[in-house]
Amino acid sequence: MTAGPVDEAGFRALTQKIAAERGFSCANYKDGCLRRRIAVRMRARDAADFAAYSLLLDRDPAEFDALIDTLTINVTKLYRDASVWDMVGSTVVPALWQQGQRQLTVWSAGCSSGEELYTLAALFHAHAMRTLTEPQLQTLRIIGSDIDRASLEAARRGAYAPEAFSEMPAPLKARYFSAEAPHVAAPELKALVDVERRDLLRDPAPAGGLNLITCRNVVIYFGRESQEPLMRKFHDALAPGGYLVLGKVETLLGPLRSLFEAVDARQRIFRRAA
Ligand SMILES: C[S@@+](CC[C@H](N)C(=O)[O-])C[C@H]1O[C@@H](n2cnc3c(N)ncnc32)[C@H](O)[C@@H]1O
């Protein structure tokens with residue numbers, strides 16, 4: 001394969017094509033990560049250079065799908081990084097229900113195939129069943145969004161292989177997912193969630209004063225200059241005192257720290273400051 005760092009014009013043309021035809025704006029992602037992932041697909045299809053690969057994308061829409069799939073990095077799990085969800089379940093969820101809001105809105109931003117979405121739904125539902133009445137559940141709406149359409153279809157199905165549950169406490173799995181594999185999310189969880197396509201870098205946040213935003217293992221792939229506007233968008237979208245949960249290796253950079261106060265810095269749980 002001759003394509004590489006020297007063929008900058010070819011690389012630029014390819015990224016422009018991806019943005020124009022699939023709405024995936026490569027400019028906002030970490031360059032090294034992007035190049036490595038494009039190279040993976042080019043090797044898989046024996047493309048000699050960026051121009052040849054671009055022609056292949058025109059001829060073979062399935063390869064374009066495979067490329068987008070590779071670029072979006074959809075790896076996820078239910079209850080991924082269990083200690084964070086233990087903390088969300090024991091502190092954030094009760095605090096939010098206790099505030100007695102008329103409407104409670106949660107946003108899983110970059111929800112991939114929905115594992116994070118149903119993790120949230122299970123934690124909120126389990127707490128509500130212990131302490132609230134059934135009608136109070138109707139005040140809760142959990143929105144899952146992602147840029148990747150194939151992931152969103154999987155999120156709507158909400159059916160997962162046994163391996164996806166390796167971190168989820170067994171009682172939660174038994175209560176909220178069908179016994180047979182693939183394990184399907186219970187209707188009471190599905191009733192709580194809405195799945196929609198949103199590009200975090202281009203589209204607005206859901207309206208209405210959000211109470212909790214989880215955005216985990218997503219901004220790590222964005223360039224630094226894209227992270228700041230996104231965190232400001234999250235800040236503005238949150239209701240006063242609303243929570244933000246980031247991924248285990250993600251953090252708030254520089255001036256962004258004044259927008260949020262740390263609730264549990266280790267678990268990357270923050271709250272909107274004033
Ligand atoms: C590694 S998964 C994270 C899934 C889940 N939040 C978790 O932590 O397990 C990253 C997700 O971010 C999505 N993503 C990447 N860029 C995006 C963008 N600009 N807007 C919305 N979602 C995006 C990808 O499609 C992918 O599903």
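Residues numbered from 1 in each chain as written. Predicted model: local features only at pLDDT ≥ 70, side-chain atom pairs only at ≥ 80, totals over all residues. Heavy atoms only, no water.

A.B. asks: Is there a simple way to explain helix 3 (residues 50-59) in this structure?
C.D. replies: An α-helical turn contains 3.6 residues, so a residue and the one three or four places further along point in the same direction. Of all the positions in helix 3, only Phe-50, Tyr-53, Ser-54, Leu-56 and Leu-57 are classed as buried. Looking straight down helix 3, one finds its buried side chains confined to an arc of 160°; they lie on one side. Away from the buried face of helix 3 by more than 90 degrees, exposed residues Leu-55 and Arg-59 are located. Tucked into the core, helix 3 has its buried residues touching helix 1 (8-22), helix 2 (31-44) and helix 4 (61-72). Sitting at the head of helix 3, Asp-49 places a side-chain oxygen 3.3 Å from the backbone nitrogen of Ala-51. (Buried < 20%, exposed > 50% of the residue type's maximum accessible area, 1.4 Å probe, protein only. Helix = DSSP H or I, 4+ residues; strand = E, 2+ residues; numbered from the N terminus. Arc of directions from axis to C-beta. Contact = heavy atoms within 4.5 Å. Polar contact = N/O pair within 3.5 Å; in protein donor to acceptor, adjacent residues only side chain to side chain.)

A.B. asks: When you look at the domain arrangement of the protein in this model, what are you seeing that I'm missing?
C.D. replies: Interface size, as often reported, equals the accessible area lost upon joining of the parts. By domain assignment, the protein separates into domain 1 (8-72) and domain 2 (82-272). With centres defined by C-alpha atoms, the gap from domain 1 to domain 2 works out at 30 Å. With 12 residues of domain 1 at the interface, the matching set in domain 2 holds 12 residues. Looking at the side of domain 1 facing domain 2, the largest losses of area belong to Asn-28, Tyr-29 and Lys-30, adding up to 50% of the total buried there. Where domain 1 packs against domain 2, one counts 4 residue pairs in polar contact (both at pLDDT 80 or more). No other element matches the 3 residues that helix 4 contributes to the side of domain 1 that touches domain 2. (Domains from an automatic or database assignment. Buried area = accessible area lost by both parts, 1.4 Å probe.)

A.B. asks: For this particular structure, what's the right way to read the site of the ligand?
C.D. replies: In the neighbourhood of the ligand, 21 residues make up the surrounding shell, with Tyr-29, Thr-76, Arg-80, Asp-146 and Asn-217 lying closest. Between the ligand and Leu-200, the relevant distance is 2.8 Å, taken from a nitrogen atom to a main-chain nitrogen or oxygen of the residue. Contacts to the ligand include Asn-217, whose side-chain N or O atom sits 2.8 Å from an oxygen atom. Coverage of the ligand by the protein amounts to 99% of the 610 Å² it exposes when considered alone. Most atoms of the ligand, that is more than half of them, are within 2 Å of grid points of the largest cavity. Grouping the amino acids of the shell around the ligand by side-chain chemistry returns 8 nonpolar, 6 polar and 7 charged. (Near = heavy atom within 4 Å. Areas by Shrake-Rupley, 256 points an atom, 1.4 Å probe, with all protein chains shown as cover. 1 Å grid on protein atoms, 1.4 Å probe; cavity = no way out; pocket = protein on both sides within 12 Å on 5 of 7 lines; lining within 4 Å. Sits in = over half its atoms within 2 Å of the grid points. Nonpolar A, V, L, I, M, F, W, Y, C, P; charged D, E, K, R; others polar.)

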